[in-house]
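Residues per chain, in single letters:
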Amino acid sequence: MDSDGTRDARGTHANSVPRPAEPFEGPVVPPRPARAPDVPPPGAQPSHTPHSSPPRSPVADWLDQPRPAVEPGIWRYGYRPPKAVRPARRLAPVTIVGFVVPLVAGLLLWSLWRHGSLPYQWAVLKLVTPDDWWWGGTTTPKSYQGAEAVTVADGVFFAILVFAMARLGSWSDIIRHVVTRREQPARALIAALGALIALAFVFPSAFGLGWNALPVQDPLFSLIVLITGDYSVFASEALTDGLYAFITLLVLWPFARIGGWWPFAKEALAARGRSRAGQAAQPAVDRRPSQWPELREAGQHQAADLLAAEVHAGRMNDVDCARVGRMWTVARARAGVSSFSDTVLREGAAAWTHPSGHRDLPGRGARHDLLAGQVRIGQWVAGDRTPLGYGGAGAALAPETLGTSLLAVGPSGAGKTRHLIRPVVESLGLQALTGQCAVVTVCAAGTPLGPDSAYDVVVRLGDPASVHDLDPYAESDDPDEVAGFLAEGLAGDLDSVSGQRAATALAQLLGPYRAAYGRFPTLPVLRELLEGEPSALAGLRAALTGDEHGAMRRELEARARQSGSAGDPGAVLADRLAVLDRPAFAEFFGADGGGARAFSLRAVAHHPLRVRIDLPERGHEEASRIVTRLVLAQFGAVASAGERTHFVCLVLDDATGAVTTESLRRIPRLRSRNAGVVLALRTVGDVPEALHGPLYAAVGCRMAFSGVATWDGGRFADAWGTAWVETRDVARHTVFADQPMTRAIHALRKLVTGKAVTTEAVTVRQVERERWSASELAHGVPAGHAVLSLTSVRGEHAPPLLVDLRG
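Predicted model, so just to flag it, every value in this text is computed and none were measured.

Undergrad: Even after reading the chapter, I still don't get the overall build of the chain, so can you show me in this structure?
TA: For the chain, the count of helices and strands is 27 helices and 16 strands. For the chain, with 807 residues in total, the buried portion stands at 44%. As displayed, the chain has an accessible area near 40700 Å², and 57% of this comes from carbon and sulfur atoms.

Undergrad: Would you take a moment to explain the pattern of salt bridges for this structure?
TA: Side-chain pairs of opposite charge can arise where the charged atoms are in close proximity. Per the stated rule, a full pass over the model turns up 32 salt bridges. With a shortest N-O distance of 3.5 Å, Arg 114 and Asp 154 are connected by a salt bridge. Of this pair, Arg 114 sits in helix α2 (residues 93-114) while Asp 154 sits in helix α4 (residues 144-168), and the two are 40 residues apart along the sequence. Take Asp 154: its relative accessible area is 12%, and that puts it in the buried class.

Undergrad: Teacher, can you tell me more about the pairing of strand β11 (residues 675-681) here?
TA: Regular strands have side chains that alternate between both faces of the sheet. With seven of seven residues buried, β11 lies mostly within the body of the structure. Because side chains alternate across β11, one face comprises the buried residues Ala 675, Val 677, Leu 679 and Leu 681, and the other comprises Gly 676, Val 678 and Ala 680, equally buried. Relative to β11, strand β4 (residues 406-409) runs parallel, the two sharing four bridges. Paired with Ala 408 across the bridge in β11 is Ala 680.

Undergrad: What is the right way to look at the layout of surface pockets in this model?
TA: Rolled over the atoms, a probe as big as a water molecule pinpoints where empty space is left. Considering only enclosed or pocket space, the largest pocket measures out at about 1900 Å³ in volume. Around the largest pocket, the lining comprises 46 residues; the ones closest to its centre are Val 162, Ala 166, Trp 171, Pro 254 and Phe 255. Contributing elements (two or more residues each) for the lining of the largest pocket: α2, α4, α5 (171-180), α6 (186-202), α7 (217-228) and α8 (237-259). If one sorts the elements of the lining of the largest pocket by residue count, α4 sits on top with 11 residues. Tallied by class, residues from the lining of the largest pocket come to 38 nonpolar, five polar and three charged. Roughly 1000 Å³ of internal volume is contained in the second largest pocket. Lining of the second largest pocket is provided by 42 residues; of these, Thr 329, Leu 370, Leu 371, Ala 372 and Gln 436 occupy positions nearest its centre. Only α10 (293-297), α12 (318-333) and α14 (399-402) provide two or more residues apiece to the lining of the second largest pocket. Element by element, the count of residues in the lining of the second largest pocket is highest for α12, at seven residues.

Undergrad: Can you help me understand empty space enclosed by the protein in this one?
TA: Summed over the entire model, instances satisfying the criterion amount to two cavities of 30 Å³ or more. Within this model, the largest cavity holds a volume of roughly 130 Å³. Together, 14 residues line the largest cavity, and Leu 361, Glu 426, Leu 449, Gly 450 and Ala 454 are the ones closest to its centre. For the lining of the largest cavity, the element with the most residues is helix α15 (residues 416-433), which contributes four residues. Tallied by class, the residues present in the lining of the largest cavity amount to eight nonpolar, three polar and three charged. If you add up the space inside the second largest cavity, you get close to 40 Å³. Residue lining of the second largest cavity: Glu 488, Leu 632, Ala 633, Gly 636, Ser 663, Arg 666, Ile 667 and Leu 670, and that is the complete set. Taken together, the elements giving at least two residues each to the lining of the second largest cavity come down to α22 (621-639) and α23 (661-670). Ranked by residues supplied to the lining of the second largest cavity, first place goes to α23 with four residues.

Undergrad: Looking at this model, I keep getting lost on the environment of Ala 639. Mind explaining?
TA: Looking at the secondary structure, you find Ala 639 in helix α22. Along the backbone, Ala 639 and Arg 666 are 27 residues apart, and their C-alpha atoms lie at a distance of 9.7 Å.

Undergrad: Before we go on, may I ask you to explain helix α11 (residues 301-312) in this structure?
TA: For an α-helix, 3.6 residues make a turn, and residues three or four places apart therefore share a direction. With 12 residues, α11 should cover 16 Å at 1.5 Å per step; its first-to-last C-alpha distance of 16 Å lies within 8% of that length. The element α11 is extensively covered by neighbouring structure, given that 10 of its 12 residues are classed as buried. Considered for burial, the residues of α11 that qualify are Ala 303, Ala 304, Asp 305, Leu 306, Leu 307, Ala 308, Ala 309, Glu 310, Val 311 and His 312. Residues of α11 that are buried in the fold lie against α1 (58-64), α10, α12 and α13 (337-347). At the C-terminal side of α11, Gly 314 shows a positive phi close to 80 degrees.

Undergrad: Is there a simple way to think about the packing of helix α18 (residues 523-531) against helix α21 (residues 570-580) in this case?
TA: Helix packing geometry: the angle between the two helix axes and the distance between the axes. Running from N to C, α18 and α21 cross one another at 155 degrees; their axes reach a closest spacing of 8 Å. The pairing of α18 with α21 is recorded here as roughly antiparallel in orientation. In the packing of α18 onto α21, the handedness of the crossing is left-handed. Facing α18, whose interface residues are Leu 523, Leu 526, Arg 527, Leu 530 and Glu 531, α21 presents Gly 570, Leu 573, Ala 574, Leu 577, Ala 578 and Leu 580. When the residues that make up the contact of α18 with α21 are grouped by side-chain class, the tally is eight nonpolar, one polar and two charged.

Undergrad: I would appreciate a short explanation of a negative patch on the surface in the present structure.
TA: Among the surface-exposed residues, Asp 477, Asp 478, Asp 480 and Glu 555 lie close enough to one another that they form a single negatively charged patch. Counting through the fold element by element, Asp 477 comes out in the loop between β7 (468-470) and α16 (479-491). Residue Asp 477 is classed as exposed on the basis of its relative accessible area of 56%.

Undergrad: What am I meant to see in the packing of aromatic side chains here?
TA: What describes a pair of aromatic rings is the distance from one ring centre to the other and the angle between the planes of the rings. The full count for this structure, using the stated rule, is 13 aromatic pairs. Measuring from centroid to centroid gives 5.4 Å for Trp 110 and Phe 158, while their planes differ by 65 degrees, and the two rings are edge-to-face. Of this pair, Trp 110 sits in helix α2 while Phe 158 sits in helix α4, placing them 48 residues apart in sequence. For the pair shown, Trp 110 and Phe 158 are each scored as buried. Arranged with centres 5.2 Å apart and planes meeting at 40 degrees, the rings of Phe 716 and Trp 720 form a pair that is tilted. You can see Phe 716 and its partner Trp 720 sitting in helix α25 (residues 710-720), four residues apart, about one turn around the helix. Note on Phe 716: relative accessible area 0%, which makes it buried.

Scoring rules and cut-offs
- Residues numbered from 1 in each chain as written.
- Predicted model: local features only at pLDDT ≥ 70, side-chain atom pairs only at ≥ 80, totals over all residues.
- Heavy atoms only, no water.
- Helix = DSSP H or I, 4+ residues; strand = E, 2+ residues; numbered from the N terminus.
- Buried < 20%, exposed > 50% of the residue type's maximum accessible area, 1.4 Å probe, protein only.
- Areas by Shrake-Rupley, 256 points an atom, 1.4 Å probe, with all protein chains shown as cover.
- Salt bridge = Lys/Arg side-chain N within 4 Å of Asp/Glu carboxyl O.
- Pairing = 2+ DSSP bridges.
- 1 Å grid on protein atoms, 1.4 Å probe; cavity = no way out; pocket = protein on both sides within 12 Å on 5 of 7 lines; lining within 4 Å.
- Points joined across faces, edges and corners; volume = space filled by probe spheres on them.
- Nonpolar A, V, L, I, M, F, W, Y, C, P; charged D, E, K, R; others polar.
- Expected span 1.5 Å × (residues − 1).
- Contact = heavy atoms within 4.5 Å.
- Axes fitted to C-alpha atoms, helices over the stretch in contact; angles between N-to-C directions.
- Parallel < 35°, antiparallel > 145°, perpendicular 65-115°, else oblique.
- Left-handed = near helix turned anticlockwise from the far one by under 90°.
- Patch = residues over 30% accessible without salt bridge, like charges linked within 9 Å, V, L, I, M, F, W, Y side chains within 5 Å.
- Lys, Arg positive; Asp, Glu negative; His and termini not counted.
- Charge placed at Lys NZ, Arg CZ, Asp CG, Glu CD.
- Phe/Tyr/Trp six-rings, centres within 6.5 Å; stacked < 30°, edge-to-face > 60°.

Note that all results are geometric; they support no functional claim without further evidence.
This is the structure in structure tokens:
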């Protein structure tokens, strides 16, 4: 049975991706000698030569696999572009007739000419030649000049006849179909065969053939005799051989053009020259990636030898190779090559290990290629809609496509978590171990997204045993920024509350409180201030008595005046905060006396962390939605600020109620900030209807799983648009003959076949049709499949195509 390689015996899978024999449990560093035995001492020449054959390992084979540049979404590991299938071309009957009819006519005319049966056949010849060459009143030659003139006339007529047949007939189409459309060297060989046949007809005696020669060489020799007036001119072998060579070249010239001999010969000679040059100068560096050629070219032979030894000894896995390769790229960009080599020689495969000490995940459920940054999620299904390069290839996701954000819609049980969310989270976690990525996953407690040991931070909201807490203020010191994402998290899904007014109300309390106490309030205190609790407001007023707090006092007084007025968002915000101010969350969200360590989402913007936030299991659906909205708002704020080199991704296993107007404004901006989000929904109905269009426009990747409703499919159909397709309409019309003979023939044909004589009218049109209709998405996608479209951060597109998620 086929599998993804995670449960096969080691090394038995055809395209298995290497990993350690046992999963790492904590900061384990594999054993390594102080100095590898094959590392030369300082100053010595590199020991590795291009012809050496060190023992191979699965990691080395994995490194050396080709990874060609491909279209977005194609699994690059071991990919080989399919050969273009040349459509079968058939000659049209009119083309064949156009070749045969002039040929038959030419043969008939040549036969009549040879027998002298054409009227006025010799009139032109006698007109241009002297009369004493002929017997009076006849065309019988009187002297040798007349006989030679007849031979020349035969040659001229033959040349005119061949030229006329080629021009009037469809010879060019036949030659194009048989010869010129073929690739080299088949084209040259077919033309050479044709030239050989032509030479056999021109020089039959040279080939030992008994038929008469075509009038090519004899007319030329006769013309020379007429010009010189003497046969003795042919006593010169040089002249005779030159004439034969000229005739041969004259015959070969059209075949050389048809067969493309000269371009083919130049290319062959150039390739031979390159081959000789390559043999004369053997490459100084083995270009196999497992030999670290870039380090050798930079002169770092000791580091390259050490890393190659680690790879072939099995002490490096794919995570180590990707991590060291990334640091080499950084070192070259920052002119830190010497520091890089020192670290490699000192720590070997364990250099630049992730701060957690992990060098792999405890287990893998999908196939990953860390050199390309891809995770395989299925296989593109070959079909009429599928481009040639995609058909049968693996379907893969990478940061370059996730950077445009991804929306996945499918009912429960369609496989969103199993086939999409878990592979993506797993891939981003592996890339985080290489320092290239940070990932934040928000899911319900118990969702199978890997064990806790696969993450650096696990926040279990509502679980007293949770080690970490979620900072509701994202470690920010700006009251306006905090008020913005708090307002979005608390009331972003409410049409009755203006997001700007909610943010202003929160800022009027958060700013004064921070000015007075140097920190933001806990959620219970903020709830009391929003409710307008007199004692809470009085205490805050008393803490702002200094002259330096004049502006903050005015902010607080404005909030106090607005409290309780019509349209005041304070009461609604307080009600939403009451959902989080429950006994189950008493020790969370920065509560006083909470034992858990507060985790700020801002940390992922600075460190390659793996974070999982578990939402309450049951009974707190509204609180879960508020937290999800708050995390999405915080992520949009922290991911859009500052500069960083690693990719940051937020994965929402259930984005129900999380999408707001403000979040849809932020998502497109993440594309230029090296960040992205993955949103999974059961139905688009979980998003306010007014946001359906902006949601599909904000993301660059869209995925519709099998079983979506027709109205959900309609949204995808609108987003994917239309494409031009070619249609053929065939109409059959009965033929009505006017002539009696034709009518009789048609009647006889109908009597024999039982069908009336008809003609076909074929109309070919270009029409615009939906790429995928709502009905096709709802009823035509098989179970275990999905329709996926991708857009990369560079603007490359993959059209919506069917993916087999089990392939």
